[in-house]
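# Analysis of the macromolecular model
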Amino acid sequence: MPERIPHNSEALKARFPEVYQEFFSKCALVCSAPRAVTWVGEHTVRYGGLTMRQSLPMRTYVGITPVKTPRIKVVSHTTYDPLVDGFRNDTLPREEYIDPLEHHLLTFLKDVGGYKFDSGFDIHILTGLPFERAIGAAGSFLAALFSALLLHNKVLSVKHIKLWADRTVADLQKDKELMFDGVLRLIWKWEGIIFDNPSAANPFSALLPSPTPIIFAAKRPPMTETLQGFLPVERLATGITWVDSARWWGARTSEVFGKHVGWPLPFDWGVISASGTWLLRDAVFSTAKLNSELLHATRFAKNICDTIFKNLTPEDLPDFLSLCQQGNQPQLWQEYIKPLHLLSFQAFMRFKKIIESGPALPEAQALFEVLYKAHSMLYILGFSSPRVEQMVYWLRTLVHEKSGGVQIGIKLNSTSQRGNLLFAMQASVVRAWMPEIIAELRAKIDDKITLDYASWIDGYDEEGGVKIEQWLEEGIHSPLLASDAVRVILWNKKGEQRIETSAREEVLKKKHDLLFDCIVHHVRVAGKECTSKELPSQKATVAIMDALLSAEGHRLHNRALPESGYTKYRNEFQGKITGPLVALIKKRLKKDLALKVEGTLTDFTVSLDPKGFDIAVVKKLG
């Protein structure tokens, strides 16, 4: 059975250039951020614990295009699906992502962030793995989206993004001018609206440029509310104020570990999807349910113990009863997950030794053992599921059989019970058998199981962090665009505007009602070129129509029009510009263009209503 082909972003660009070209052609500004795995602390980090995450060479691309209407709309979402080895149209979960984005994000940015936008946005999304695979989906999406919006609003700059790669995490946290802390807290607040008790670890690892793993921990102020599961978006003002005073700490391992002799990691590792669609809110509800059961159990124990130990003084009471006497939900929960905290410390110590000492098999095997212990504890504490445990059993069994007894470390890489499995094992031993192992897992459990990431196939992320992939306004163009790519500003028959990037030849093939080519100063009506007899000055007509279409309300005074001999006098303007254009449109399209001129001979205004026409303005990129 042949080995799986690479699924990293660069490999997908090479194999499916047309998908990426189409995506970039629709977006004025594109940012990307990496997906990531959690080696330790996926649950405990939400409650003050330590986590270590690592970026994958698989990116989420988010493109935005300004529109006149003050709204946000998720226009497209295209994702690579390993099951079909191709891209498919997808959509974000509506209740968890789309509805909050479309209905509340602009208000949130204004009221919470203090950022007022003069336009709305079309949002386009391109992902290298479906969103239902955990693997840092929410963090990579939100990091790319918020970075793009803040770049557009000039809150962030190209310089900021570059400095994030050059400065230590301590600098990024301390120096507010670098904007890293501000952006992280803004995303943290948005997470606090749609998810209960977010840790900020996910967006932190997506924002921070780092080729090596990152370490993160956060502490929120004392919780005033009990865990309630999914928080309503209506809590825009009251549900997130705690983020302002929350504290966080982080570092790249390159900043706190010694020399990285054992990097890249000297063992094979990867992620296998457990299949099945899941939402992050499912994990929140699951945690809330566990927490509620825990509270009821301790209250029950307290009632019983009050009878049994009623004659004892407080000093003589058994230690376990102190938990029951507290009856405090957050404190009980912290006691409940303490074993996971301790296992995180053990795994963290093993990683440090491996990275600093190189390929020492005993240390790697000790790490594999800790990872499996951590997973076993996740099951005991109720974070895993029988289905996941079935996968774990068969994966361990099959690796053992194929390799002759090689040890494998496995743990759930998600806060969801239907998430993904992170595995690690001795380098090279099972590579040849992995396709067969995946095939057997599909046959025994689910035919939708896939190998989503394999370190020896997909490689490592050499940069990490958020990237500006395209920003036409700043002259940053994706190399995936065609060599003759142009910027096309489009108005549909409802008068709605959008901006695309396309090969100039492709634009000219389309039969727009009106096309104004600002590059060669030509006008096309009904897809046909115009002659100088029909339009005395196409150059002036193109410049004037471009200015009118771009103006607020599509209305300009003649002194605000592009400088031309035709704009000084009304009769000259109507005789050589508006009159011929209106007449030509009437002749070819059988429509009346609402292009009006009002005022005196030298003091007049021009107004345009573009509705009813399919209009394109072609410009150079940038």
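Refer to the structure presented above.
Presented here is a report on the structure given in the accompanying data block. Everything quoted here is computed from the prediction, not taken from an experiment.

### Section: the overall build of the protein chain
- Scanning the protein chain from N- to C-terminus turns up 20 helices and 21 strands.
- Its C-alpha atoms give the protein chain principal-axis dimensions of about 105 × 60 × 45 Å.
- Within the protein chain, buried positions represent 56% of all 622 residues.
- Accessible surface, the protein chain: about 26100 Å² in total, of which carbon and sulfur atoms supply 52%.
- In the protein chain, 76 side chains carry a positive charge and 70 a negative one; their mean positions are 5 Å apart.

### A look at the pairing of strand β12 (residues 467-471)
- Of all five residues that make up β12, four are buried, and the element is covered over most of its length.
- With four bridges connecting them, strand β1 (residues 29-40) and β12 associate as antiparallel partners. Counterpart to C31 in the pairing with β12 is I468.

### With respect to the pattern of salt bridges
- Across all of its chains, the model carries 35 salt bridges by this definition.
- Measuring nitrogen to oxygen at the nearest pair gives 3.2 Å for the salt bridge that ties E529 to R524.
- Since its relative accessible area comes to 16%, R524 is described here as buried.
- Several salt bridges share partner residues, and in doing so they unite D81, R88, D90 and E132 into one network.

### Some words on a nonpolar patch on the surface
- On the surface, a cluster of nonpolar side chains totalling about 330 Å² of accessible area is made up of F300, I304 and I308.
- Mapped onto the fold, F300 is located in helix α10 (residues 280-308).
- Judged by its relative accessible area of 56%, F300 falls in the exposed class.

### Things to note about the state of the cysteines
- For the structure shown, the criterion picks out zero disulfides.
- No disulfide involves C31; its nearest neighbouring cysteine sulfur is the one of C27, lying 11 Å away.
- A relative accessible area of 1% means that C31 is categorised as buried.
- Cysteine C530 shares no disulfide, and the gap to the nearest cysteine sulfur, in C518, comes to 14 Å.
- Judged by its relative accessible area of 9%, C530 falls in the buried class.

### Comments concerning the packing of helix α3 (residues 94-111) against helix α7 (residues 180-194)
- Where α3 contacts α7, the two axes come as close as 11 Å, and the packing angle between them is 130°. Comparing the axis directions of α3 and α7 gives the class oblique. Every pair of crossing elements has a handedness; the one defined by α3 and α7 is right-handed. Across the interface between the two elements, E96, P100, L101, H104, L105, F108 and L109 of α3 pack against L186, K189, W190, I193 and I194 of α7.
- Class assignment of the residues belonging to the contact of α3 with α7 gives a composition of nine nonpolar, one polar and two charged.

### Notes on the sheet that holds strand β19 (residues 594-599)
- Strands sit in the order β18-β20-β19 across an open sheet of three strands; the sheet is antiparallel. The open sheet has two edge strands with one neighbour each: β18 (555-557) and β19. Within the sheet, the average angular offset between the axes of one strand and its neighbour, ignoring direction, is 15°.
- In this structure, β18 lies alongside strand β20 (residues 604-609), joined through three bridges in antiparallel fashion. When the bridges of β20 are listed, R555 appears paired with S607.
- Contacts from helix α19 (residues 538-550) reach β18, β19 and β20 within the one sheet, and its direction differs from that of β20 by about 75°.

### Considering unusual backbone geometry
- Look at the link from W263 to P264: it is a cis peptide, with omega at -5°.
- Structurally, P264 is set in the loop between α9 (253-256) and β8 (267-273).
- Here D85, not a glycine, exhibits a phi torsion of approximately 50°, which is positive.
- Looking at the secondary structure, you find D85 in the loop between β3 (72-81) and β4 (86-89).
- If you check the backbone angles, K154 has positive phi at about 65° while not being a glycine.
- Secondary-structure assignment places K154 in the loop between α4 (137-152) and α5 (158-166).

### Observations regarding the sheet that holds β8
- Read across the open sheet, the four strands follow the order β9-β10-β8-β11; overall the sheet is antiparallel. Lying at the two open borders of the sheet, with one neighbouring strand each, are β9 (408-412) and β11 (451-454). Across this sheet, the average inter-strand angle for adjacent strands is 20°, counted without regard to direction.
- Packed onto the sheet, helix α14 (residues 361-380) meets β8, β9 and β10 (420-426) and runs at close to 30° relative to β9.
- Its contacts with the sheet put helix α15 (residues 386-403) on β8, β9 and β10, and the angle it makes with β9 is roughly 170°.

### Things to note about the packing of aromatic side chains
- As enumerated under the stated definition, the model contains 32 aromatic pairs in all.
- Centroid distance W39 to F351: 4.9 Å. Interplanar angle 65°. Geometry classified as edge-to-face. Separated by 312 residues along the polypeptide, W39 in strand β1 and F351 in helix α13 (residues 338-357) bring together distant segments of the chain. For the pair shown, W39 and F351 are each scored as buried.

### What to know about the side chain of R524
- Mapped onto the elements, R524 comes out in strand β16 (residues 522-525).
- At 3.2 Å, the side chain of R524 forms a polar contact with the side chain of E529.
- For R524, the residues in contact, after removing those within four places along its chain, are L508, D513, L514, L515, E529 and C530.

### What to know about the side chain of N558
- By the secondary structure assignment, N558 is in the loop between β18 and α20 (570-589).
- N558 gets classed as buried once you look at its relative accessible area, which sits at 4%.
- A polar atom in the side chain of N558 sits 3.0 Å from the side chain of H557.

Calculation notes
Residues numbered from 1 in each chain as written. Predicted model: local features only at pLDDT ≥ 70, side-chain atom pairs only at ≥ 80, totals over all residues. Heavy atoms only, no water. Helix = DSSP H or I, 4+ residues; strand = E, 2+ residues; numbered from the N terminus. Buried < 20%, exposed > 50% of the residue type's maximum accessible area, 1.4 Å probe, protein only. Areas by Shrake-Rupley, 256 points an atom, 1.4 Å probe, with all protein chains shown as cover. Lys, Arg positive; Asp, Glu negative; His and termini not counted. Charge placed at Lys NZ, Arg CZ, Asp CG, Glu CD. Pairing = 2+ DSSP bridges. Salt bridge = Lys/Arg side-chain N within 4 Å of Asp/Glu carboxyl O. Patch = residues over 30% accessible without salt bridge, like charges linked within 9 Å, V, L, I, M, F, W, Y side chains within 5 Å. Disulfide = S-S within 2.5 Å. Axes fitted to C-alpha atoms, helices over the stretch in contact; angles between N-to-C directions. Parallel < 35°, antiparallel > 145°, perpendicular 65-115°, else oblique. Left-handed = near helix turned anticlockwise from the far one by under 90°. Contact = heavy atoms within 4.5 Å. Nonpolar A, V, L, I, M, F, W, Y, C, P; charged D, E, K, R; others polar. Phe/Tyr/Trp six-rings, centres within 6.5 Å; stacked < 30°, edge-to-face > 60°. Polar contact = N/O pair within 3.5 Å; in protein donor to acceptor, adjacent residues only side chain to side chain.

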